[in-house]
Structures are given as C-alpha cells and as structure tokens.
Amino acid sequence: MGLMDKLNDLDRRWVYLLTWIFVLFPLLFPLGLPVPIQKESQAWFNYIKNIPDGSVIIYSPMYGTSGMPELFPMTLGMMHQLFQKNVKIIVVTFWAEGALVFDQALRQVDPASYGKVYGVDWIDLGYIPGGEPAIRAFGEDMISTAPKDYIQGQPTGSFAIMQDVKSARDVDLIISIETGTPGLTEWLRQWQEPFKVPIIVGCIGVSAPGMAPFLQSGQLSAILPGLTSSAEYELLINRKGLAIAGVDAISMSHILVVLLVILGNIGYFATRRKS
Amino acid sequence: MSNILRRIEIPIFLTIVATVLQVVPYYLDIPIINTTANNINQWVLLIVAWATFIGPLSLIQVHGKAVQKRGSGWYYSILVLAAAVVMSIAGLPIPEVGLSQRNPVYNWLFTYGQTALSSTMYGIIAFFITSAAYRAFRAKNIESTLVLLAGVFMVMSNAPFFTASWPGFKTIGDWIFAVPNMATNRAVTIGAALGAIALAVRTLMGIERGYLRGGGD
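Residues numbered from 1 in each chain as written. Chains lettered and ligands numbered in written order. Predicted model: local features only at pLDDT ≥ 70, side-chain atom pairs only at ≥ 80, totals over all residues.

We now examine the overall build of chain A. Counting its secondary structure elements, chain A contains 11 helices and 6 strands. Principal axes of the C-alpha set define a box for chain A whose edges measure 75 × 35 × 30 Å. Looking at the 275 residues of chain A, the share that counts as buried comes to 50%. Taking contacts inside chain A between residues at least 6 apart in sequence as the whole, the part at least 24 apart equals 74%. (Helix = DSSP H or I, 4+ residues; strand = E, 2+ residues; numbered from the N terminus. Buried ≥ 20, exposed ≤ 12 C-beta atoms within 10 Å, placed from the backbone. Contact = placed C-beta atoms within 7 Å.)

Set out below in structure tokens:
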C-alpha cells in the first residue's frame, strides 16, 4: 500500500489519535491564537448592554450537563453582564437538569457580589416539567405554574420581584441558553408570537443554521452560537474564562479537519488516476 | 357499559376537544375558552409529572433483567441501578431530613459524576466529526464538490485561526449561512409546518388514528 493509498483510506484510529493530539495540546499549552470579534457576539453584547433599566428578564438555562462544555461559559458570562445591570431576573428552566446546571453557575458567579438581593432583584424558579405545555402555562400564569421558588422553597408570590410580574405580558425579554427541544421554537410559539416578548438565544454551534430563518424574520433578536462566539463575548465583557481557554483547541481541531480533507482528496485523486 | 367505554369515538372526541381548546385561544379571545384551555394545560403538566415515574420503572426493568440473565456487560447494569438508587434517595425532596437536590451526596455525584460523564460523551463527537469529514468531503462529482466547499468554508469561518488570518473566510461563511442555508431551512420549516397542519386536520376529523393503538377500529 503506497502513500497515496494510505492518504485515501487513513485508518480511523490515526484520525482519532491526531484529533486527540490537536485538541489536548492547546489545552495543556495555550497558544494564544488571535480571536477576532465577529458581528454575532458584538450584536449580542450590544443587545444586553442596551436593555433598559427596570426590565424584567426571563433567564433560562435550557440545557443539561452534556451541553455544558459549549454553553456553560456563555451562561457565566451573561450572568456577569446581567447582574451589573439594573434589571429584574427570573431564572426558570424547562430542562430537567437545567436547574442543577444553574446551581453550578451560582457557585462561580455570586449575585450578591453585584449587590443583587434574592427575591428582590432576581429569583430562581427551578425546573418546570412538561415541555411546551409548561412554557405556555408559565406564560399565562407564572405563580400557579411555579408555586414555590427553587432556592428557598417559599411561595413564589411572596417575593417582592413577583409582585408586578404575573405572566408573560409583564416580561420584557427572554434569554434562552439552549441545546434543543424545548427551546427556541417553543418559546416562539408560546411566548414570542402570542405575547410579543423579544427573545435572544445562546446555542450550540450545530443549532445555529436552523435558527437562521427566525433571525432574518426578526422573531429572534440576537444569537450567540457556540464556543467561539462565547470566547468573543468573554473578550467583550473583559472576563476571560472557560471559552477563551478552549478556543485554541477549536482552532487546532478545525485546522486538522481542513488538513485531513485536503490530504484525503489528494490521496483520492492520485489513486483514482492510477486505477 | 364497558363496551361503550371501549368505543373508538370516545378518544377521538376527547382528542378533538383538547385540540380545539388549544388552537382557538391562539386566534380568538374568548374568556371562557381561554380559561378552560389554561386549566386543561395544567392537567397536561400533572400527567407529564406522573409520567416521570415511567423512566425509573423502565430502567429497573431493563437493567434488572440484564443482571438476572448475566448477559454481556451485566456488571455495568449493577452500576446503573446503584447510581439510580443512590441519586434517587439523596435527591428526594425531604429537606427536613437533609435530603434534596442540595444534598452534598447528590451534588457530588451530579458535579463529579453526571457532569463529567455527560461532557465526555459530548466531547467524543469531535472524534467522529473529524473522521466523518475526512471520509465524506471528497470531490467525487459536482454535488459532492459543492458539499465539500461549503463544509470546508463553514469550518474555516468558525475557527478564529482562519478568520483572523483572512476575514474573507467569515464573509463566505456568513453568505452560506444567510443565503443557501436559510433558504433550505425555510423550506424545511414551512414544509414541516404544512405537514403538521395536515396531520392536525386529519386528527381533528378522526381520519388519523395512528395514535390509537395502531389505528385499528
């Protein structure tokens, strides 16, 4: 078997080994490759920056532990930016592990360090089971759908933040960090269209193409796709974190994909001519 | 009496009532229908919450049988069952005796077990994607060459190394995202929506009975 034959049909174990090296090396020895700010992350940053004071925001971690490598960094980054602002934040999730993921985020970002008081400036309503019907029910009547808060187990209606917030009609923005269903389309059907609540979505990279039509139609106001955008966002809020740490690995793994595709095609054409 | 309750018209009628109650408030503002629809929606949440118990029962059934039969890898099933039992007990919502999702045992297992394992499973995709890209992106004909070019440019537009080297990669990636990708996704979205509407109409008219134990009369 000649070199060209090998290039045309490289054993997958070599591909796996190369991937492992290309991902692990920059994680152990950061290369500091440049990270240019793109329009998506800039638009996202500006959107949050321009949220008016006093706005009521639904902040929804709609993902489980499997989505954490890609979405956890933007979840943390957004908490830093949101807690700096004078807004009311209602945390709620329709993913079973979402509340536990947010618990982990709270261990890294303490709202009290931004002077935010629980029950006054923000509240965590935890997980509501039921998928799309639950999103709908929560939009119609928040307090009966989430009767108790997640952190203190007290009646939701007893908190100061909920005195003027009863349904989706009282909400100014949804921020959904998500990996799939329920997610954007359910929010659009049950909140954005009926109640005209704007929505912005942070998502895993593979979800972004499916969201393009909603972004263009204006139903989706901004999008932050994948770890690369998270890294750019971390630069914008001036808080280098997990995404910046991982972005070199993204560059290197993408370089490997391009190299392998080029080598594979060279091998393919060389062996085809020979045969 | 039991014969009457077994009649196919009853579930069809219930389906029609439930569907109409969810559709009408979307277009018309009739207070009594809105209230009824919201009440029925709350029932759905209760049903879904109860359905949660099917998960553990199914897990015990599948892995219990695997342990009983001593099939290949049966010892992994013991691990699954043990983890399920420990996490279920530690996470029971009885904070008075120290149990809840904030219980230290539950938190430790979730943070250092569940989170690490799930993230690893997700990370493994990188290996498969690299291997798949290497094998699939071959310029065998015009169609596959177009896929290859689109794929490679999208890869490059998403890697900061390439976009920092030449911003044109991002411009090309954005064009692929905003023009051919969006056109295709629109077609898929609209097609799926039309299909869903057709299915809903068939269900409402009692023609579609696939959800009724295979649709038998």
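The subject of this paragraph is the overall build of chain B. Helix and strand counts for chain B stand at 9 helices and 0 strands. In chain B, the succession of helices and strands from N to C terminus is α-α-α-α-α-α-α-α-α. Taking 17 Å as the expected radius of gyration for a compact globule of 217 residues, we find that chain B reaches 26 Å, considerably beyond that expectation. Across its three principal axes, chain B shows a C-alpha extent of roughly 75 × 50 × 40 Å. Going through the 217 residues of chain B one by one, you find that 14% of them count as buried. (Rg over C-alpha atoms; globule rule 2.2 N^0.38 Å.)

Residue and element names in this part refer to chain A. Residues Val91, Met211 and Ile223 are the most contacted members of the largest nonpolar core, which totals 97 residues. Considering each element in turn, this core owes the most residues, 11 residues, to helix 11 (residues 242–274). Residues contacting Ile223, with those up to four places away along its chain left out, are Glu40, Val201, Cys203, Ala208, Met211 and Leu215. (Core = buried A, V, L, I, M, F, W, Y, C linked by C-beta atoms within 7 Å.)

Now for the interface of chain B and chain A. Taken together, the 47 residues of chain B in the interface contact 49 residues of chain A. Of all the secondary-structure elements, those providing two or more residues to the side of chain B that touches chain A are helix 3 (31–51), helix 6 (104–136), helix 7 (142–157), helix 8 (160–165) and helix 9 (168–204) of chain B. The greatest single-element share of the side of chain B that touches chain A, amounting to 15 residues, is contributed by helix 6 of chain B. Residue composition of the side of chain B that touches chain A, by class: 26 nonpolar, 18 polar and 3 charged. (Nonpolar A, V, L, I, M, F, W, Y, C, P; charged D, E, K, R; others polar.)

Time to look at the domain arrangement of chain B. Residue and element names in this part refer to chain B. Domain annotation of chain B identifies domain 1 (9–52) and domain 2 (137–208). Taken together, the contact between domain 1 and domain 2 spans 4 residues of the former and 4 residues of the latter. Residues belonging to the side of domain 1 that touches domain 2 are distributed by class as follows: 2 nonpolar, 2 polar and no charged. (Domains from an automatic or database assignment.)

Residue and element names in this part refer to chain A. With burial as the criterion, each face of strand 6 (residues 222–225) is covered, one bearing Ala222 and Leu224 and the other bearing Ile223 and Pro225. For strand 5 (residues 199–203) and strand 6, the ladder comprises 4 bridges, and the chain directions are parallel. Directly across from Gly202, in strand 6, lies its bridge partner Leu224. After leaving strand 5, the chain enters helix 9 (residues 208–217) and then returns to the sheet as strand 6, a path that is right-handed. (Pairing = 2+ DSSP bridges. Right-handed = clockwise from strand over helix to strand, strands pointing away.)

Before going further, it helps to spend a moment on helix 4 (residues 54–69) of chain B. Residue and element names in this part refer to chain B. Counted at 1.5 Å a residue, the expected span for helix 4 with its 16 residues is 22 Å, and the 22 Å between its end C-alpha atoms agrees. Along helix 4, only 0 of the 16 residues are buried, which leaves the element largely exposed. Phi for Arg70, located one or two positions after helix 4, is positive at around 55°. (Expected span 1.5 Å × (residues − 1).)

Okay, the domain arrangement of chain A next. The domain boundaries assigned to chain A delineate domain 1 (3–26 + 250–274) and domain 2 (39–245). Using only C-alpha atoms to locate each centre, domain 1 of chain A and domain 2 of chain A end up separated by 40 Å.

What follows deals with the confidence of the model for chain B. Scored by pLDDT, chain B comes out at a mean of 90, with 97% of its residues at no less than 70. As scored by the predictor, the complex reaches a pTM of 0.91 and an ipTM of 0.87. (pLDDT = per-residue confidence, 0-100.)

Looking along the chain, the bond that leaves A:Thr181 and enters A:Pro182 is cis, with omega of 0°. In this fold, A:Pro182 is placed in the loop between strand 4 (173–178) and helix 8 (184–195). In the Ramachandran plot, A:Asn238 falls in the positive-phi region, its phi being about 60° despite a non-glycine side chain. Following the sequence through the fold, A:Asn238 ends up in the loop between helix 10 (226–236) and helix 11. Under the C-beta neighbour-count criterion, A:Asn238 is labelled exposed, with 7 such atoms within 10 Å. Even without being a glycine, B:Arg70 presents a positive backbone phi close to 55°. Relative to the helices and strands, B:Arg70 resides in the loop between helix 4 and helix 5 (74–90).

Residues and elements named next belong to chain B. Relative to the helices and strands, Val147 is located in helix 7. Val147 gets classed as partly exposed once you count the C-beta atoms within 10 Å, which come to 15. Along the backbone, Val147 and Val80 are 67 residues apart, and their C-alpha atoms lie at a distance of 41 Å.

Turning to the sheet that holds strand 3 (residues 122–127) of chain A, a few remarks are in order. Residue and element names in this part refer to chain A. Taken together, the 6 strands give an open sheet; going across it, the order is 3-2-1-4-5-6, and neighbouring strands pair in parallel fashion. For this open sheet the edge positions go to strand 3 and strand 6, each flanked by a neighbour on one side alone. Here the strands of the sheet are splayed against their neighbours by 15° on average, with no regard to which way each runs. Helix 9 contacts strand 5 and strand 6 of the sheet and is inclined by roughly 170° relative to strand 6. (Axes fitted to C-alpha atoms, helices over the stretch in contact; angles between N-to-C directions.)

Mapped onto the elements, B:Tyr75 comes out in helix 5. The spacing of B:Tyr75 and B:His63 is 12 residues in sequence and 9.7 Å in space, taken between C-alpha atoms.

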